[in-house]
Amino acid sequence: MDKLREFFLCTRPHSYPAALAPVLLGSVYALNYVKSISYIKFLIFLVACLLIQAATNLFNEYYDYKKGLDKIDSEGISGSIVKGKLSAKEVLVGAILLYLIALIFGIILSFITSFNIFVVGIICMFAGYFYTGGKYPIAYSPFGEIISGFFMGTVIVSLAFYIQTTFVNIDIVIISVPLFLLIGSILLANNIRDLDNDKDSGRKTYAIIVGKNYAIKTLAAAFIIVYSLNILFSFTKYGTFFNLLVLLTMPLAVKIIKGFNDNNDKKTMAPYMVLTAKLTIFIGLLMSGAYILKYIFL
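Here goes a summary of the coordinates provided. (Residues numbered from 1 in each chain as written. Predicted model: local features only at pLDDT ≥ 70, side-chain atom pairs only at ≥ 80, totals over all residues. Heavy atoms only, no water.)

1. Overview of the overall build of the protein
- Summing up its helical and strand segments, the protein has 12 helices and 0 strands in all.
- Traced from its N-terminal end to its C-terminal end, the protein shows the element sequence α-α-α-α-α-α-α-α-α-α-α-α.
- Taken over the C-alpha trace, the protein has a radius of gyration of 19 Å; the compact-globule value for 298 residues is 19 Å, and the two agree within 12%.
- Seen along its three principal axes, the alpha-carbon backbone of the protein occupies a region of about 55 × 45 × 35 Å.
- In the protein, which comprises 298 residues, the share counted as buried stands at 54%.
- Intrachain contacts of the protein at a sequence separation of at least 6 include 75% that bridge at least 24 residues.
- Charged side chains in the protein number 25 positive and 16 negative. The centres of these two groups are separated by 6 Å. (Helix = DSSP H or I, 4+ residues; strand = E, 2+ residues; numbered from the N terminus. Rg over C-alpha atoms; globule rule 2.2 N^0.38 Å. Buried < 20%, exposed > 50% of the residue type's maximum accessible area, 1.4 Å probe, protein only. Contact = heavy atoms within 4.5 Å. Lys, Arg positive; Asp, Glu negative; His and termini not counted. Charge placed at Lys NZ, Arg CZ, Asp CG, Glu CD.)

Right under this line is the structure:
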């Protein structure tokens, strides 16, 4: 039982809600085109996404350890390997096992929807692996934020929509942009926190290339665009005035930017990285709620 508990913690369960938000958003936006959503399809896709998310986190844990990036005092990791609670091999095998289970769910979903789901799902799994795996890991490059935002934001939102409607249009791509930016922001906040350590390890993240000040300005710009888009959505076909509920989270966004500006130590910046993840979840849920309210009342 202790091994299973440690394995669960190693998958970084605190990141699961970030996988829920895009699946929920894409599914509920489909209500603009269908009378009701298929809860079976929703649940199968959600479980598959959670499994891929968990497996990706295990791959991250494994490869960061193998490359000597994880230390006992590293922030944002489970520490299962460096603390000797799990072996590196156990973590790698666990990641592969979760991928195989996710593959089974993907095959089931493909049979009841379309083979296109299977193809895109495989691409997403490769992206998850190469995020920290392979000779040139995505996470060690300046493109980590864009790629993670694209796959976990735009692709997952669009897939969730496609599963319910059997098509994808420009509207769902536009609707996905806030989550594209917010999920990319989680990684950016992580890289701002780890900037010094990553620099010493030879990484070339966006935060390292532009420096802390410009990285924080980029984070602030992403938040501003997210709020601006939801204001725009509230007055166009892309949403309703319910989208303005997202503005309730603005004090949290301001707190995050101020926190990164006022702190330089990775330990004191760590809470603001966590808050960035929470902001993503809150906005994703509020946007989803806005479309549910539109479906019910308008």
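Past the structure itself, the notes keep going.
2. Side note on the state of the cysteines
- If you walk through the whole model with that rule in mind, you get 0 disulfides.
- Looking at Cys-124, it has no disulfide partner, and the nearest cysteine sulfur is the one in Cys-49, 7.6 Å off. (Disulfide = S-S within 2.5 Å.)

3. Description of the packing of aromatic side chains
- This model, assessed by the stated rule, comprises 18 aromatic pairs.
- With 5.4 Å between their ring centres and 90 degrees between their planes, Tyr-33 and Phe-161 make a pair best called edge-to-face. Of this pair, Tyr-33 sits in the loop between helix H2 (16-29) and helix H3 (39-66) while Phe-161 sits in helix H6 (residues 144-165), placing them 128 residues apart in sequence.
- Judged by its relative accessible area of 36%, Tyr-33 falls in the partly exposed class.
- Taken together through their ring pairs, the aromatic side chains of Phe-59, Tyr-62, Tyr-63, Tyr-99, Phe-126, Tyr-129 and Phe-130 make up a single cluster. (Phe/Tyr/Trp six-rings, centres within 6.5 Å; stacked < 30°, edge-to-face > 60°.)

4. Some details on the environment of Ile-44
- Within the secondary structure, Ile-44 sits in helix H3.
- Between the C-alpha atoms of Ile-44 and Ile-108, which are 64 residues apart in sequence, the distance is 8.2 Å.

5. Regarding the packing of H2 against H6
- Two numbers describe how H2 lies on H6: the axes approach to 7 Å, and their chain directions differ by 40 degrees. If you check the angle between H2 and H6, you find them oblique. Judged by the sense of rotation from one axis to the other, the crossing of H2 with H6 is right-handed. Contacts between H2 and H6 involve Ala-18, Pro-22, Val-23, Leu-25, Gly-26, Ser-27 and Tyr-29 from the former and Met-152, Gly-153, Ile-156, Val-157, Ala-160, Phe-161 and Gln-164 from the latter. (Axes fitted to C-alpha atoms, helices over the stretch in contact; angles between N-to-C directions. Parallel < 35°, antiparallel > 145°, perpendicular 65-115°, else oblique. Left-handed = near helix turned anticlockwise from the far one by under 90°.)

6. Some thoughts on helix H10 (residues 212-234)
- Across its 23 residues, H10 extends 34 Å between first and last C-alpha, which sits within 8% of the 33 Å expected from 1.5 Å per residue.
- Every buried residue of H10 is listed here: Lys-212, Ala-215, Ile-216, Leu-219, Ala-222, Phe-223, Val-226, Tyr-227, Leu-229, Asn-230, Phe-233 and Ser-234. (Expected span 1.5 Å × (residues − 1).)

7. Considerations on unusual backbone geometry
- With phi around 55 degrees, Arg-12 is a residue other than glycine that occupies positive phi space.
- Mapping Arg-12 onto the fold places it in the loop between helix H1 (2-10) and H2.
- For Arg-12, a relative accessible area of 11% puts it in the buried group.
- In this structure, Thr-166 takes a positive phi of about 70 degrees despite not being glycine.
- Tracing the backbone through its elements, the reader meets Thr-166 in the loop between H6 and helix H7 (170-193).

8. Some points on the side chain of Asn-243
- Mapped onto the elements of the fold, Asn-243 is located in the loop between H10 and helix H11 (250-262).
- One polar contact links Asn-243 to Tyr-291, side chain to side chain, over a distance of 3.5 Å. (Polar contact = N/O pair within 3.5 Å; in protein donor to acceptor, adjacent residues only side chain to side chain.)

9. Some thoughts on the pattern of salt bridges
- Within this structure, the stated rule accounts for 7 salt bridges.
- In this structure, Lys-237 engages Asp-171 in a salt bridge whose closest nitrogen and oxygen atoms are separated by 3.6 Å. Here Lys-237 is found in the loop between H10 and H11, whereas its partner Asp-171 is found in helix H7, with 66 residues between them in sequence.
- A salt bridge links Asp-194 to Arg-193; the nearest nitrogen and oxygen atoms lie 2.9 Å apart.
- Put simply, Asp-64, Asp-198 and Arg-203 are held in one network by salt bridges that share partners. (Salt bridge = Lys/Arg side-chain N within 4 Å of Asp/Glu carboxyl O.)

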